[in-house]
Amino acid sequence: MSRVMLRTTLLDDFALKPMRPPADEDLHELIAERYEAVSTIVTSNLDLSEWDQAFPANRLLASATLDRLHHNAYCLTLDGKSYRTPKMLPSNPSNKLANTSKTRILKPREMSVTPLKNGAYMPKKPGSYTTEGDSIL
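Computed from a prediction, not measured in an experiment: that's the story for all the values here.

Analysis parameters
Residues numbered from 1 in each chain as written. Predicted model: local features only at pLDDT ≥ 70, side-chain atom pairs only at ≥ 80, totals over all residues. Heavy atoms only, no water. pLDDT = per-residue confidence, 0-100. Helix = DSSP H or I, 4+ residues; strand = E, 2+ residues; numbered from the N terminus. Contact = heavy atoms within 4.5 Å. Expected span 1.5 Å × (residues − 1). Buried < 20%, exposed > 50% of the residue type's maximum accessible area, 1.4 Å probe, protein only. Arc of directions from axis to C-beta. Phe/Tyr/Trp six-rings, centres within 6.5 Å; stacked < 30°, edge-to-face > 60°. Lys NZ or Arg CZ within 6 Å of the ring centre and 35° of its normal.

Novice: Help me understand the confidence of the model for the protein chain, please; the structure alone is not making it clear to me.
Specialist: Any residue range with low pLDDT should be treated as having predicted coordinates unsuitable for detailed reading. Averaged over all residues, the pLDDT of the protein chain is 74; the fraction at 70 or higher stands at 60%. Looking across the protein chain, the model is least confident in strand β6 (residues 134–136), with a mean pLDDT of 41, and most confident in helix α1 (residues 23–34), with 95. Scored below 50 in pLDDT, residues 98–112 makes 16 contacts in the model with residues more than four places away or belonging to other chains.

Structure below.
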């Protein structure tokens with residue numbers, strides 16, 4: 001039986017939403033197959049201690065999967081200004097987009113965001129990402 005060599009895989013924005021069966025089982029199988037064989041890069045806006053929340057239906061599966069991910073891993077925490085800060089349209093009278101009746105340009109105080117200490121913004125919607133302390137595993 002020949003084995004195909006797998007390459008590095010990137011799992012971006014891990015646990016933005018909780019996984020439901022069978023997605024949680026599929027992820028576990030993928031991580032278990034790659035365990036100590038090839039590199040897997042995982043990014044998340046959650047702290048590592050919160051990653052088990054991705055598996056609400058099966059905490060044992062969460063423990064097994066995260067144990068494989070954490071073993072011999074390099075953990076990086078990124079802090080700093082977000083590159084996804086909101087940008088305002090110029091208030092130029094010749095700007096056709098700003099003059100249409102269907103378009104409303106929001107001023108900073110009207111936006112549904114909370115300013116963070118690093119100058120970035122965080123949506124006020126529950127469960128939204130934060131721009132501080134993003135974790136990369």
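Novice: Any chance you could explain α1 here in plain terms?
Specialist: Given 3.6 residues per turn, any residue in an α-helix points the same way as the ones three and four places further on. With twelve residues, α1 extends 17 Å from end C-alpha to end C-alpha; this agrees with the ideal 16 Å at 1.5 Å per step. For α1, the set of buried residues is D24, L27, H28, I31 and R34. The buried residues of α1 occupy an angular sector of 135 degrees when projected down its axis, which confines them to one face. One or two residues past the end of α1 sits E36, with phi positive at roughly 55 degrees.

Novice: Is there a simple way to explain the packing of aromatic side chains in this structure?
Specialist: Any aromatic ring pair is given by two values, namely how distant the centres are and how the planes are angled relative to each other. Under the criterion given, the structure shown has two aromatic pairs. Seen in terms of ring centroids, F14 and F55 are 6.5 Å apart; in terms of plane orientation they differ by 50 degrees. Their pairing is tilted. With F14 in the loop between β1 (9–11) and α1 and F55 in the loop between β2 (40–44) and α2 (59–70), this residue pair connects regions lying 41 residues apart in the sequence. Comparing F14 with F55, the two get one shared label, buried. Clustering of aromatic rings is evident, with ring pairs tying together F14, W51 and F55. A cation over an aromatic ring shows up here: R68 above the ring of Y35, its NZ or CZ 6.0 Å from the ring centre.

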